[in-house]
Amino acid sequence: MSITTEALEPSGSASETVETAPEVNLEPDADLELPEDFRLARVPVGQLGHFPDNVRENYHLTQEFCASLKAQLQVPVTVIPIPDDHQRGEGEEEHRWWVVKGNRRLEGALTVGLPKLLCLIDLTKAEDKASLLVDQVVENDDDFRLGLTPFEQSRALFMAHQLGATRTEIRKRTGRTREEVSQAIAAGKLSERTRRTAQAMQYAWTLDELALLDEFDGDQEALAQIDSYISSWGYTGRHAIERVRTDRQETAAHARALADLADAGVPVTEDEPAGAVQLARLAGRVEGFDPEQHGDCPGRGAFFHSWRQGQPELYCSTPERHGYTPPPAITLPQSATTEPDGPSRKVVVEGNRAWMAAATVRQEWLATLLARKSAPKPVARFITRTLNDMPAPVRDKLGTASLATLYGKLGGPADLDAALATAAPGRLTMLQLLPIAVAWEHQMSEASAECKNTWRPGRHSPCSTEDAATWLCFLVHELGPELGDKAYAPAPIEQALIDGTPYLGNTPPDTAPDLPSQEDDDPQEEEGVSPAPDDAPSPERDRATSADVPEHPTAGAELSASEAADGEDDVNADDSLQAA
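Residues numbered from 1 in each chain as written. Predicted model: local features only at pLDDT ≥ 70, side-chain atom pairs only at ≥ 80, totals over all residues. Heavy atoms only, no water.

## What to know about unusual backbone geometry
Turning to step 1, where the next piece is worked out: Here Gln202, not a glycine, exhibits a phi torsion of approximately 55 degrees, which is positive.
Turning to step 2, where the next piece is worked out: Topologically, Gln202 is positioned in the loop between helix 7 (192-199) and helix 8 (207-212).
Turning to step 3, where the next piece is worked out: Judged by relative accessible area, Gln202 falls into the exposed class, the value being 72%.
Turning to step 4, where the next piece is worked out: Notably, Met390 is not glycine yet its phi reads approximately 50 degrees, a positive angle.
Turning to step 5, where the next piece is worked out: Examined against the element boundaries, Met390 turns out to sit in the loop between helix 13 (377-389) and helix 14 (392-397). (Helix = DSSP H or I, 4+ residues; strand = E, 2+ residues; numbered from the N terminus. Buried < 20%, exposed > 50% of the residue type's maximum accessible area, 1.4 Å probe, protein only.)

Here is the structure:
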């Protein structure tokens, strides 16, 4: 087959089949070699066929790839002429060229309906099939090709935007969404120092995670904390950033609370002093007592629970001045069968924080998942199984899921009828998953203060550890293989639930802050009653444990040994009871 500057025409066709590039006036002293055995041309897609010996089995045509290809072909495909004696099969009658490099681009062009492709016609290997097979390896093997890192991609897109490329143009050319383009630009403007620090963390950053570092750009202390969460405890970048953000918010809230107490002249102690009574409880015991009028009492004071650093617990250390004398403490002996085999107090406090921070990250990921127009294969099966088994979180919340705050946060439509009217079958499946996801997530993170117990086997929570593990296993094990690089990466505390192993904490022992010995981490939120501690004592404490004696003597008789072993060391009995 000969190649000329004239456009070749198939039999019976008057239309041009090959568009050659226009002539270019080259400088006479330019040291250029114009090979006679290569041509660059725009060839109709109908004339292109896959090379018969192409070994690629899966073209993996992603939505991003097809969108980018449709916007602009940025890399020519390489073609060779089909031998004249080749027997063409059905549908190959118009084929004139075999694509030997770029079969994925050809398949994408056929999928999106491109009329032509920019082709490099190679006349040097038309008869050398062995060389063409070796070329496939060189062209596609990771040992020979090296993609840009997220750091490099973000810098390129940021600089392109600075030079005038609009976000819309970048989105179309790269096939990325608006959010992904915004993330890339945000990541690209990170300072050189922050970028180098992140690169030194030896972590496979993604563009969306790098974009979140903009919040801490130039803050080396925060970056060091992020590095510690990633390198020491296996956090993903997103989870590490959320933990640092949460820690800082708590620290700031604590500082504001301390300042307010100082302005009000309220002394702050590490713990609630012995014999003191919290104002909320005092108001429930003394008729006419007004906590707002307690500012002049010499016994006023405040302390903080580690799990609620922004909210002080106000107390009175001289309750007898107000007509109330706390009853003496009752010490209950620890049952001989009770062993302190639960997590230490430090692990509990860190685990509570880690669990709630993980919920924030997980729900942000879910919002993206639930916005999909098509449903991954496991979704329909999971919905069917869930509606038949009806696990407790779904049974308890599904009926009111659309009224929950999370419904809108996870992408619930404001007008369901309108959404259903235009939704394709795949989108309908995702809308079916939506209320199920809301129900599970609500029971795991928002139903009550006890949601933070979900990660602890045997502790009361609106969602049991087993049910939470079922949901997490679906997200990670069932959806993960289908979603590939867009799969959810669980935090260590979530992975522990999935694996059925104890969560061991994420604060190095030599850097963990010492916590007040009398502090509880798991309050019972009841009106007019101060939180009742229910954590196992720290390992270093040898004293016998005890529990609050209920206000009604009959209830006190039902106090189990395990409940007694799970509370504070010294507690107060009700007024109607005498000290043992």
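## Structural notes on helix 9 (residues 220-233)
Turning to step 1, where the next piece is worked out: For helix 9, built from 14 residues, the straight-helix expectation of 20 Å at 1.5 Å per residue is met to within 8% by its first-to-last C-alpha distance of 19 Å.
Turning to step 2, where the next piece is worked out: For helix 9, every residue scored as buried is listed here: Ala222, Leu223, Ile226, Tyr229 and Ile230. In a view along the axis of helix 9, the buried residues occupy a sector of 120 degrees, so they form one face of it. Residues of helix 9 that are exposed and angled more than 90 degrees away from the buried face: Glu221 and Ser231.
Turning to step 3, where the next piece is worked out: If you follow the buried residues of helix 9, they end up packed against helix 7 and helix 10 (237-264).
Turning to step 4, where the next piece is worked out: One or two residues past the end of helix 9 sits Gly234, with phi positive at roughly 75 degrees. (Expected span 1.5 Å × (residues − 1). Arc of directions from axis to C-beta. Contact = heavy atoms within 4.5 Å.)

## Structural notes on a negative patch on the surface
Turning to step 1, where the next piece is worked out: On the surface, a cluster of negative charge is contributed by Asp31, Glu33, Glu36 and Asp37.
Turning to step 2, where the next piece is worked out: With respect to the helices, strands and loops of the structure, Asp31 is situated in the loop between strand 1 (19-20) and strand 2 (38-44). (Patch = residues over 30% accessible without salt bridge, like charges linked within 9 Å, V, L, I, M, F, W, Y side chains within 5 Å. Areas by Shrake-Rupley, 256 points an atom, 1.4 Å probe, with all protein chains shown as cover. Salt bridge = Lys/Arg side-chain N within 4 Å of Asp/Glu carboxyl O. Lys, Arg positive; Asp, Glu negative; His and termini not counted. Charge placed at Lys NZ, Arg CZ, Asp CG, Glu CD.)

## Concerning the nonpolar core
Turning to step 1, where the next piece is worked out: Among the nonpolar cores identified, the biggest contains 61 residues, and Trp205, Leu213, Ile226 and Trp471 are the most heavily contacted of them.
Turning to step 2, where the next piece is worked out: Where this core is concerned, the elements lending two or more residues are helix 9, helix 10, helix 12 (345-370), helix 13, helix 15 (405-409), helix 17 (425-445), helix 18 (465-478) and helix 20 (492-499).
Turning to step 3, where the next piece is worked out: Ranked by residue count, the leading element in this core is helix 12, at 9 residues.
Turning to step 4, where the next piece is worked out: Not counting the four nearest positions on each side in its chain, Trp205 is found in contact with Pro150, Phe151, Ala198, Leu210, Leu213, Ile226, Ile230, Gly237 and Ile241. (Core = buried A, V, L, I, M, F, W, Y, C linked by side-chain atoms within 4.5 Å.)

## So, the sheet that holds strand 8 (residues 300-305)
Turning to step 1, where the next piece is worked out: With respect to topology, 3 strands assemble into an open sheet ordered 7-9-8, the strand pairing being antiparallel. Lying at the two open borders of the sheet, with one neighbouring strand each, are strand 7 (277-278) and strand 8.
Turning to step 2, where the next piece is worked out: Relative to strand 9 (residues 308-316), strand 8 is paired through 5 bridges, and the arrangement is antiparallel. Within the sheet, the bridge partner assigned to Ala302 lies in strand 9 and is Leu314.
Turning to step 3, where the next piece is worked out: Docked against the sheet, helix 10 engages strand 8 and strand 9, running at close to 30 degrees with respect to strand 9. (Pairing = 2+ DSSP bridges. Axes fitted to C-alpha atoms, helices over the stretch in contact; angles between N-to-C directions.)

## Describing the pattern of salt bridges
Turning to step 1, where the next piece is worked out: Per the counting criterion, the structure on display carries 18 salt bridges.
Turning to step 2, where the next piece is worked out: One salt bridge in this structure joins Arg308 and Glu313, with 2.5 Å as the shortest N-O distance. The pair Arg308 / Glu313 is uniform in exposure class, with both members buried.
Turning to step 3, where the next piece is worked out: Arg353 serves as the salt-bridge partner of Glu350, at 3.6 Å between the closest nitrogen and oxygen. With Glu350 and Arg353 both in helix 12, this residue pair falls 3 residues apart, about one helical turn. Neither Glu350 nor Arg353 differs from the other in exposure class; each is buried.
Turning to step 4, where the next piece is worked out: Linked by salt bridges that have partners in common, Glu215, Arg238, Glu242, Arg245 and Glu364 make up one network.

## A look at the pairing of strand 4 (residues 77-81)
Consecutive residues of a regular strand have side chains that alternate between opposite faces of the sheet.
Turning to step 1, where the next piece is worked out: Judged by how many residues are buried, strand 4 sits mostly within the fold: 5 of 5 residues are covered.
Turning to step 2, where the next piece is worked out: Here strand 4 shows two buried faces, one formed by Val77, Val79 and Pro81 and the other by Thr78 and Ile80.
Turning to step 3, where the next piece is worked out: Where strand 4 meets strand 6 (residues 116-122), 3 bridges bridge the pair, whose relative direction is parallel. Within the sheet, the bridge partner assigned to Val79 lies in strand 6 and is Ile121.
Turning to step 4, where the next piece is worked out: Sheet analysis places strand 4 next to strand 5 (residues 97-101), joined by 4 bridges and oriented antiparallel. Pairing of Pro81 across the sheet is with Trp97, part of strand 5.

## Some thoughts on the pairing of strand 5
Turning to step 1, where the next piece is worked out: Counting buried positions over the 5 residues of strand 5 gives 4, a clear majority of the element.
Turning to step 2, where the next piece is worked out: Bridge analysis of strand 3 (residues 48-50) against strand 5 gives 3 bridges, and the strand direction is parallel. Bridged to His50 within strand 5 is Val99.

## Re helix 4 (residues 150-162)
Turning to step 1, where the next piece is worked out: An ideal rise of 1.5 Å per residue puts 18 Å on 13 residues; helix 4 measures up with 18 Å between its terminal C-alpha atoms.
Turning to step 2, where the next piece is worked out: Considered for burial, the residues of helix 4 that qualify are Phe151, Ser154, Leu157 and Phe158. For helix 4, the buried positions fall inside an angular range of 140 degrees around the axis, keeping them on one side.
Turning to step 3, where the next piece is worked out: Where helix 4 is buried, its residues meet helix 5 (167-174), helix 6 (178-188), helix 7 and helix 8.
Turning to step 4, where the next piece is worked out: Trailing helix 4 by a residue or two, Gly164 shows a phi angle of about 115 degrees, which is positive.

## Some details on the confidence of the model for the protein chain
Any region with low pLDDT has predicted coordinates that should not be read closely.
Turning to step 1, where the next piece is worked out: Looking at the protein chain, pLDDT values average 80 and 79% of them are 70 or higher.
Turning to step 2, where the next piece is worked out: Ranking the helices and strands of the protein chain by mean pLDDT puts helix 18 first, with 97, and helix 22 (residues 561-564) last, with 30.
Turning to step 3, where the next piece is worked out: pLDDT under 50 marks residues 1-16. Its contacts with residues more than four places away, or in other chains, come to 29 contacts.
Turning to step 4, where the next piece is worked out: Note that residues 336-340 has pLDDT below 50 and, in this model, 3 contacts with residues that lie over four places away or in other chains. (pLDDT = per-residue confidence, 0-100.)

## Describing the packing of helix 13 against helix 17
Turning to step 1, where the next piece is worked out: Remark: helix 13 packs on helix 17, axes separated minimally by 10 Å, with the N-to-C direction vectors making an angle of 50 degrees. Between helix 13 and helix 17, the angle falls in the class oblique. Relative to helix 17, the crossing made by helix 13 is left-handed. Taking contact as the criterion, the partners of Val379, Ala380, Phe382, Ile383, Thr386 and Leu387 in helix 13 are, on helix 17, Thr429, Met430, Gln432, Leu433, Ile436 and Trp440.
Turning to step 2, where the next piece is worked out: Of the residues belonging to the contact of helix 13 with helix 17, the class tally is 9 nonpolar, 3 polar and no charged. (Parallel < 35°, antiparallel > 145°, perpendicular 65-115°, else oblique. Left-handed = near helix turned anticlockwise from the far one by under 90°. Nonpolar A, V, L, I, M, F, W, Y, C, P; charged D, E, K, R; others polar.)

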